[in-house]
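A look at the structure
Residues per chain, in single letters:
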Amino acid sequence: MPEFQYVARELSGTEVTGVISAASEHEAVSSLSQRALFPLRVHAAEDITKRKRRWGQKIRNRHLAMLFSQLADLLHSGVPLLRSLEILQQQSSQAALAAVLNDIRERVADGTPLADAVTAHPDVFNDLTASMIRAGEEGGFLEDVLKRIAQFTEHQEDLKSRIVGAVAYPAFLAVLGTIMVTGIIVYFVPKFEPLFQRLKERGGLPWPTTALMALSDFLGSYGLWLLGAIAAGVWLASRYLETDEGWRRMDHWKLNIIGAGPIIRSLAVSRFCRILGTLLHNGVPILRSLQISKDATGNVILSEAVGLAAENISAGKSLARPLKQSGQFSTEVVEMIAVGEEANSLETVLVDIADNMERRTNRQLELFVRLLEPVMLLIMAVIILFVVIALLLPVFQGAGALQ
């Protein structure tokens, strides 16, 4: 149904704004009148997602974490949901977030569940958030779920900031080193060509020099074409990754990257265990909990493994066995889950698994990032050393021949 943005006055004279769903502008005016609102301006509402993209306003995860935390506090204090959404909309300093909250409030006011209203904004709220909110509404513990979403979102943002901050310096070195080496090969090496040509006539050139000159000629002649080919390859790869097959291949590749693969897998499994343990602790049935928590992994391969485990549980089997058969979960995790099932304390064991894996993964991540910097420096040193040897070796050979 089309949406219309309006500016109206209440009976008290207070001016209010919002978005209302109606078949036509006339029907929107009638609906406002039935709400005891006097419409001042009513016009077709612009799509929030398009407006957000047009003005380049991106709602960051830290703002979403604060939103969920504040909404949980308001609901816990007894403030009704509609009033809570209105308060958060009014105090929001981000125009895009305020527009999204206004739309959610209007949908809830029309009788739409909060989870469905959130689902209408997939570019802002992911499937896991919507699924957890729906479970909280069904189970009557929405405040706890919102608090958990806030903690989870904040934790993910902190982890992302740590990774970006740690990788920034090695990435800067890689980019700067590539530019410098390319500049040397393209603009500096050709100046040695007359000298190398005379040395070649006398007795030939060493293979490093020959390879360097060939690379310099290639980049000088076809460098722009190479950049265009790389740009086209990146564009085609991005389009391919938008498909289900491409996304699946990327997730499979991420789990098997040398060095980083185990870290990515551990983080995904820890997220799954924490969300599943939280949902079970709040009384959500295990099948429903598995359907929600499988999205927490952020990986298609692991999500499919959890989905198969859910099917086996519906047939009366345990959780640990299908997880072990999938080959995507470590023996340690599977054994701890099996013990938790036998002791009837699965929710506690899952949270303990998440805590242990996060501590261990953080240490691995810190070590990986620390090693990344010297590895980048070593690679740059090897490349520069090769260029220097290729330039100086013929000179030394020529000087030895003259003696």
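What you are looking at is a predicted structure, and each value in this text was computed from that prediction instead of being measured. (Residues numbered from 1 in each chain as written. Predicted model: local features only at pLDDT ≥ 70, side-chain atom pairs only at ≥ 80, totals over all residues. Heavy atoms only, no water.)

As for the overall build of the protein chain
Helix and strand counts for the protein chain come out as 17 helices and three strands. The C-alpha atoms of the protein chain give 30 Å as radius of gyration, which overshoots the globular expectation for 403 residues (22 Å, by more than 25%). Principal-axis analysis of the C-alpha atoms places the extent of the protein chain at approximately 100 × 65 × 35 Å. By residue count, 37% of the 403 residues in the protein chain fall in the buried class. The contacts in the protein chain between residues at least 6 apart in sequence include a share of 58% that link residues at least 24 apart. Just so you have it, the protein chain exposes about 23100 Å², and 59% of that area is on carbon and sulfur atoms. Seen as two clouds, the 39 positive and the 42 negative side-chain charges of the protein chain have centres 7 Å apart. (Helix = DSSP H or I, 4+ residues; strand = E, 2+ residues; numbered from the N terminus. Rg over C-alpha atoms; globule rule 2.2 N^0.38 Å. Buried < 20%, exposed > 50% of the residue type's maximum accessible area, 1.4 Å probe, protein only. Contact = heavy atoms within 4.5 Å. Areas by Shrake-Rupley, 256 points an atom, 1.4 Å probe, with all protein chains shown as cover. Lys, Arg positive; Asp, Glu negative; His and termini not counted. Charge placed at Lys NZ, Arg CZ, Asp CG, Glu CD.)

Topic: empty space enclosed by the protein
Where empty space is left becomes clear once a probe the size of a water molecule has been rolled over the atoms. Overall, the coordinates contain two cavities of 30 Å³ or more when judged by the stated rule. Empty space within the largest cavity amounts to approximately 70 Å³. In terms of lining residues, the largest cavity is bounded by Leu67, Phe68, Leu71, Leu85, Leu101, Ile104, Leu114, Val118, Phe125, Ile133 and Leu146. The set of elements that each furnish at least two residues to the lining of the largest cavity consists of helix H3 (61-76), helix H5 (95-109) and helix H6 (114-119). Per element, the largest residue contribution to the lining of the largest cavity is three residues, and it comes from H3. Of the pockets and cavities examined, the second largest cavity occupies roughly 30 Å³. Around the second largest cavity, the lining residues are Glu332, Val333, Met336, Ile353, Asn356, Met357 and Arg360. Sorting the residues of the lining of the second largest cavity by element identifies helix H16 (331-342) and helix H17 (346-402) as the ones contributing at least two each. (1 Å grid on protein atoms, 1.4 Å probe; cavity = no way out; pocket = protein on both sides within 12 Å on 5 of 7 lines; lining within 4 Å. Points joined across faces, edges and corners; volume = space filled by probe spheres on them.)

Quick notes on the nonpolar core
Grouped together as the largest cluster of nonpolar side chains are 39 residues, with contacts concentrated most on Leu64, Phe68, Ile104, Phe125, Ile133 and Leu146. For this core, the secondary-structure elements that each account for two or more residues are H3, helix H4 (81-91), H5, H6, helix H7 (127-139), helix H8 (142-188) and helix H12 (261-281). Element by element, the count of residues in this core is highest for H3, at seven residues. Setting aside residues no more than four positions away along its own chain, leucine 146 makes contact with Phe68, Leu71, Ala72, Leu75 and Ile133. Counting 28 residues, the second largest nonpolar core, distinct from the first, contains Ala268, Cys273, Ala305 and Ala320. (Core = buried A, V, L, I, M, F, W, Y, C linked by side-chain atoms within 4.5 Å.)

Considering the pattern of salt bridges
If you walk through the whole model with that rule in mind, you get 11 salt bridges. A salt bridge links arginine 105 to glutamate 106, with the shortest nitrogen-to-oxygen separation between them at 3.5 Å. Of the two residues, arginine 105 and glutamate 106, neither departs from the other in class, the shared state being buried. Beyond isolated ion pairs, a larger network of salt bridges with shared partners links Arg274, Asp355 and Glu358. (Salt bridge = Lys/Arg side-chain N within 4 Å of Asp/Glu carboxyl O.)

What to know about the packing of aromatic side chains
Enumeration according to the criterion identifies four aromatic pairs in this entry. When the ring of tryptophan 207 is compared with that of phenylalanine 386, the centres are 6.3 Å apart and the planes differ by 40 degrees; the resulting orientation is tilted. In this pair, tryptophan 207 sits in helix H10 (residues 207-241) while phenylalanine 386 sits in helix H17, placing the two residues 179 residues apart along the sequence. For the pair phenylalanine 218 and tyrosine 222, a centre-to-centre distance of 5.6 Å together with 40 degrees between the ring planes defines the contact as tilted. Within this pair, phenylalanine 218 and its partner tyrosine 222 are both found in helix H10, separated by four residues, close to a single helical turn. (Phe/Tyr/Trp six-rings, centres within 6.5 Å; stacked < 30°, edge-to-face > 60°.)

So, H10
With 35 residues, H10 extends only 40 Å from end C-alpha to end C-alpha; this falls clearly short of the ideal 51 Å at 1.5 Å per step. Among the residues of H10, those classed as buried are Pro208, Thr209, Leu212, Met213, Ser216, Leu219 and Gly223. (Expected span 1.5 Å × (residues − 1).)

Observations regarding the side chain of threonine 129
Tracing the backbone through its elements, the reader meets threonine 129 in helix H7. Its relative accessible area of 8% is what places threonine 129 among the buried residues. In contact with threonine 129, not counting residues within four places along its chain, are Phe68 and Ile149.

As for the packing of helix H13 (residues 286-293) against helix H14 (residues 300-314)
Two elements in contact, H13 and H14, have axes separated by 9 Å at closest approach and are oriented at 170 degrees. Taken as axis vectors, H13 and H14 run roughly antiparallel relative to one another. Together, Ile286, Leu287 and Leu290 of H13 and Val306, Ala310, Ile313 and Ser314 of H14 make up the contact between the two elements. (Axes fitted to C-alpha atoms, helices over the stretch in contact; angles between N-to-C directions. Parallel < 35°, antiparallel > 145°, perpendicular 65-115°, else oblique.)

A few points about a nonpolar patch on the surface
Together, Leu215, Phe218, Tyr222, Leu224, Trp225, Leu226, Leu227, Ile230 and Val234 make up a nonpolar patch on the protein surface, roughly 1000 Å² of accessible area in all. When you line up the elements, tryptophan 225 lands in helix H10. On the accessibility criterion, tryptophan 225 (69% relative accessible area) is exposed. (Patch = residues over 30% accessible without salt bridge, like charges linked within 9 Å, V, L, I, M, F, W, Y side chains within 5 Å.)

Overview of the side chain of threonine 209
Among the secondary structure elements, threonine 209 is positioned in helix H10. Given the relative accessible area of 1%, threonine 209 is considered buried. Setting aside anything within four residues of it in sequence, one finds threonine 209 in contact with Phe196, Ala390 and Pro394.

Comments concerning a positive patch on the surface
A cluster of like positive charges, contributed by Lys58, Arg60, Arg62 and Lys160, occupies part of the molecular surface. Structurally, arginine 62 can be placed in helix H3. On the basis of relative accessible area, arginine 62 is assigned to the partly exposed category, the value being 48%.

So, the environment of valine 124
Relative to the helices and strands, valine 124 resides in the loop between H6 and H7. A residue is classified by how much of its surface remains accessible, and valine 124, at 13% relative accessible area, is buried. Taking the C-alpha atoms as reference, valine 124 lies 6.9 Å from isoleucine 59; in sequence the two are 65 residues apart.

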